[in-house]
Amino acid sequence: MPVSPTLDALPEAELDVTVVLPVHNEAGHLVAEVERIRTALDGSSYTYEVIVVDDGSSDGSEHLVHELEGVRVIQMKQNRGSGAARRIGTASARGEVVVWTDVDMTYPNERIPELVDAVEGYDHVVGARRTEQGSHKLLRTPAKWLIRRLAMLLTDSRIPDLNSGFRAFRRDVAMQYLHLLPEGFSCVTTITLAFLTNGYSVRFVDIDYFPRAGESKFHWWKDTRRYLVQVVRMSLMFNPLRIFAPVGVLLLLVGIGKTIYDVVSDPVTIAINTVVLLLVAVVTLVVAFLSDLVVQLTKPPTKILPAATYVSEPAADGVGVRADS
């Protein structure tokens with residue numbers, strides 16, 4: 001697999017693909033899913049490894065993971081969340097491309113080689129689900145839609161599926177942002193936004209999504225709230241002008257309109273609430289630009305170049321030769 005040019009590269013990957021599987025109480029279908037993944041990758045041309053991260057299981061999965069053949073096992077004594085499991089698994093990965101998926105029968109894991117193929121020329125590929133099969137659909141679906149629309153506004157990108165757990169990405173790029181990943185379900189939201197807000201390409205491919213086997217760990221209120229908070233947090237971290245500037249401009253326009261109204265009504269007096277509104281608008285805009293300045297000054301330099309980057313190398317005769325990533 002071709003390697004993009006880097007400014008300060010990580011140690012060279014030992015394998016083509018690492019599949020990271022977070023596991024929490026999945027004993028009923030764990031073996032079948034791991035076999036499905038291994039069969040799919042055995043039929044491909046990729047060298048690979050499967051990392052199973054047991055996230056404090058208590059249904060027998062904690063013992064079953066040690067009986068699986070051909071996998072690396074990372075075991076956590078306490079349940080810390082799928083985000084923590086994915087972060088630890090990714091940090092331990094030896095593959096050039098890391099695949100995230102689940103073992104609950106919801107994702108088409110037999111398509112993992114196809115997902116890895118799609119990474120060619122991209123930094124991140126997300127399996128965009130055609131349907132919503134999760135629990136609490138009446139509340140979960142509109143909440144996800146609103147959060148996804150907010151993320152699209154903040155990143156100025158088209159995002160068909162913000163929080164799909166079926167994805168493949170370049171390990172060297174992801175390592176720059178692992179420390180940002182929260183411990184819960186919103187880790188997939190975070191890594192999507194981290195790539196998009198730092199100029200890396202994210203490709204979406206349609207996939208089917210199936211009913212979950214076993215009991216869902218998703219809490220409709222707690223995890224939806226975390227999704228929303230994480231989108232805003234990431235936007236403030238990478239592009240605060242997207243949050244504060246529109247609010248400040250809107251307040252300023254309303255304040256100017258209110259000032260005109262006050263002057264027309266009483267040329268001598270401007271209402272106290274108008275002055276307060278103007279002050280709030282100015283403070284909001286100042287905070288917007290100061291926040292953006294802090295982000296730009298403290299942002300670490302991007303060490304890994306995007307996949308769609310070309311570096312011209314001088315040839316022996318002095319004519320540049322393009323080296324494709």
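Residues numbered from 1 in each chain as written. Predicted model: local features only at pLDDT ≥ 70, side-chain atom pairs only at ≥ 80, totals over all residues. Heavy atoms only, no water.

Participant: Even after reading the chapter, I still don't get the overall build of the chain, so can you show me in this structure?
Facilitator: Each helix and strand counted, the chain has 10 helices and 9 strands in total. In the chain, the share of contacts with a sequence separation of at least 24, taken over all contacts with a separation of at least 6, comes to 75%. Of the roughly 16,100 Å² that the chain leaves accessible, carbon and sulfur atoms contribute 60%. (Helix = DSSP H or I, 4+ residues; strand = E, 2+ residues; numbered from the N terminus. Contact = heavy atoms within 4.5 Å. Areas by Shrake-Rupley, 256 points an atom, 1.4 Å probe, with all protein chains shown as cover.)

Participant: It is not clear to me how the sheet that holds strand E3 (residues 72-76) should be interpreted in this structure. Could you clarify?
Facilitator: Two modes of strand pairing occur in sheets, parallel and antiparallel, and in both the strands are linked by backbone hydrogen bonds. Read across the open sheet, the 7 strands follow the order E3-E2-E1-E4-E6-E5-E7; overall the sheet is mixed. Two strands in the sheet have a free side with no partner beyond their single neighbour: E3 and strand E7 (202-207). Within the sheet, the average angular offset between the axes of one strand and its neighbour, ignoring direction, is 20°. Of the strand pairs in this sheet, strand E1 (residues 15-23) and strand E4 (residues 95-100) are connected by 5 bridges, and their pairing is parallel. (Pairing = 2+ DSSP bridges. Axes fitted to C-alpha atoms, helices over the stretch in contact; angles between N-to-C directions.)

Participant: How should a nonpolar patch on the surface be read in this particular structure?
Facilitator: A cluster of nonpolar residues, Val249, Leu253, Ile256, Ile260 and Val264, forms a patch on the protein surface that exposes about 480 Å² of accessible area. Position of Val264 among the secondary structure elements: in helix H9 (residues 241-265). (Patch = residues over 30% accessible without salt bridge, like charges linked within 9 Å, V, L, I, M, F, W, Y side chains within 5 Å. Salt bridge = Lys/Arg side-chain N within 4 Å of Asp/Glu carboxyl O.)

Participant: How should the nonpolar core be read in this particular structure?
Facilitator: One broad rule of soluble globular proteins: the nonpolar side chains tend to lie buried together. The biggest cluster of nonpolar side chains holds 38 residues, and the ones touching the most others in it are Trp100 and Phe195. The biggest single contributor to this core is helix H7 (residues 187-196), with 7 residues. Once you skip the residues sitting within four places of it in the chain, Phe195 turns out to touch Asp123, His124, Phe169, Arg170, Val173, Ala174, Tyr200 and Val202. Counting residues in hydrophobic clusters, the runner-up holds 31 residues, among them Leu41, Val65, Leu68 and Val119. (Core = buried A, V, L, I, M, F, W, Y, C linked by side-chain atoms within 4.5 Å. Buried < 20%, exposed > 50% of the residue type's maximum accessible area, 1.4 Å probe, protein only.)

Participant: Help me understand the pairing of E1 in this model?
Facilitator: Most of E1 is tucked away, with 8 of its 9 residues classed as buried. Where E1 lies against strand E2 (residues 48-55), 7 bridges are found, and the strand directions are parallel. Across the sheet, residue Val20 finds its bridge partner in E2, namely Ile51.

Participant: Is there a simple way to think about unusual backbone geometry in this case?
Facilitator: Most peptide bonds are trans, and most residues other than glycine sit at a negative phi. Even without glycine at this site, Met105 takes up a positive phi of about 75°. Its location among the elements puts Met105 in the loop between E4 and helix H4 (112-117). Its relative accessible area of 30% is what places Met105 among the partly exposed residues. One non-glycine residue, Asp156, lies in the positive phi region at around 55°. Within the secondary structure, Asp156 is located in the loop between helix H5 (137-155) and strand E6 (167-170).

Participant: It is not clear to me how H7 should be interpreted in this structure. Could you clarify?
Facilitator: What sets the pattern is the α-helix's 3.6 residues per turn: residues three or four places apart point alike. Among the 10 residues that make up H7, 10 are buried, leaving the element largely enclosed by the rest of the structure. Listing the buried residues of H7 in full gives Cys187, Val188, Thr189, Thr190, Ile191, Thr192, Leu193, Ala194, Phe195 and Leu196.

Remember, this is a structural readout, not a statement about activity or role.
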